Amino acid sequence: MKKEASMLRLRPYNKNDAEIIMSWIKGENAFYKWTAGVLGEYPISAEQFNTVSNLMAFTAIDDNEIVGFFTMRRPNEFYEELRFGFVIVDSKKRGQGYGKNMLKLGLKYAKEIFGANKVSLGVFENNESAYYCYKAIGFEDVSQDEIEKYTVMGEEWNCLELEINL
């Protein structure tokens, strides 16, 4: 018997997911690529991570196993544009299409549930695998007059702006 193709689903994040999601972060550099320090200094506690529940936070599951996580928020008061953040996939499952499939579900949700016509996100220039994942599902570079810079671990990291029209 052939194994059924897996079925990726999104469900609302719940705080019991925190330990698993945080276990995917291998070191300080990876942590800052993921959070830009927004959730606090490395390493953060599960309690600090749980502030993501103030956002629209989603856990991706495949056969009831947690495989990914991301948030959506409104950059302004309207739902026309939503912004993805804190996108992460289980470190053991990277490169297998989970990130792309999870974000495609997120885009569908943004469009069909919220009526968004645009989704944006920021990604550090030094996070190439994430950048190529976003490009592969149709995100485009936004030309910026001034590139947003973050000082991380004594270095300056450029943040690229991407968006997709739905």
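Here the structure is a predicted model, which means the values were calculated and not measured.

A. Inspection of unusual backbone geometry at higher detail. Between Y42 and the following residue, P43, the backbone shows a cis peptide bond with an omega angle of -10°. Along the chain, P43 falls in the loop between α2 (28–35) and α3 (46–49). Positive phi, close to 50°, is recorded for F86, a residue that is not glycine. Among the structural elements, F86 can be located in strand β4 (residues 81–89). A relative accessible area of 14% means that F86 is categorised as buried. Its identity is not glycine, yet M153 carries a phi of approximately 45°, on the positive side. Along the chain, M153 falls in the loop between β7 (148–152) and β8 (155–165). Here M153 falls in the partly exposed class, since its relative accessible area comes to 39%.

B. View of the nonpolar core. One finds F84, L103, V119, V123, Y134 and F139 to be the most contacted residues of the largest nonpolar core, which totals 27 residues. Listing elements by their share of this core, those giving two or more residues are β2 (56–62), β3 (65–73), β4, α4 (98–112), β5 (118–124), α5 (128–136) and β8. Ranked by residue count, the leading element in this core is α4, at five residues. Once residues within four sequence positions are removed from consideration, F139 is found in contact with F84, L107, V119, S120, L121, Y134, L162, E163 and I164. Grouped together as the second largest cluster of nonpolar side chains are 23 residues, F31, Y32, F86 and F124 included.

C. Representation of the pattern of salt bridges. Throughout the structure, instances matching the rule amount to eight salt bridges. R11 serves as the salt-bridge partner of D17, at 2.8 Å between the closest nitrogen and oxygen. Residue classification places R11 among the partly exposed residues on the basis of a relative accessible area of 23%. Here R83 and E161 are joined by a salt bridge, their closest N and O atoms 2.7 Å apart. Placement of the pair is R83 in strand β4 and E161 in strand β8, with a sequence separation of 78 residues. This pair shows no difference in class: R83 is buried, exactly as E161 is. A single network of salt bridges, built from pairs that share partners, joins E81, K118 and E163.

What counts and what doesn't
Residues numbered from 1 in each chain as written. Predicted model: local features only at pLDDT ≥ 70, side-chain atom pairs only at ≥ 80, totals over all residues. Heavy atoms only, no water. Helix = DSSP H or I, 4+ residues; strand = E, 2+ residues; numbered from the N terminus. Buried < 20%, exposed > 50% of the residue type's maximum accessible area, 1.4 Å probe, protein only. Core = buried A, V, L, I, M, F, W, Y, C linked by side-chain atoms within 4.5 Å. Contact = heavy atoms within 4.5 Å. Salt bridge = Lys/Arg side-chain N within 4 Å of Asp/Glu carboxyl O.

Shape descriptors only; they carry no functional weight alone.
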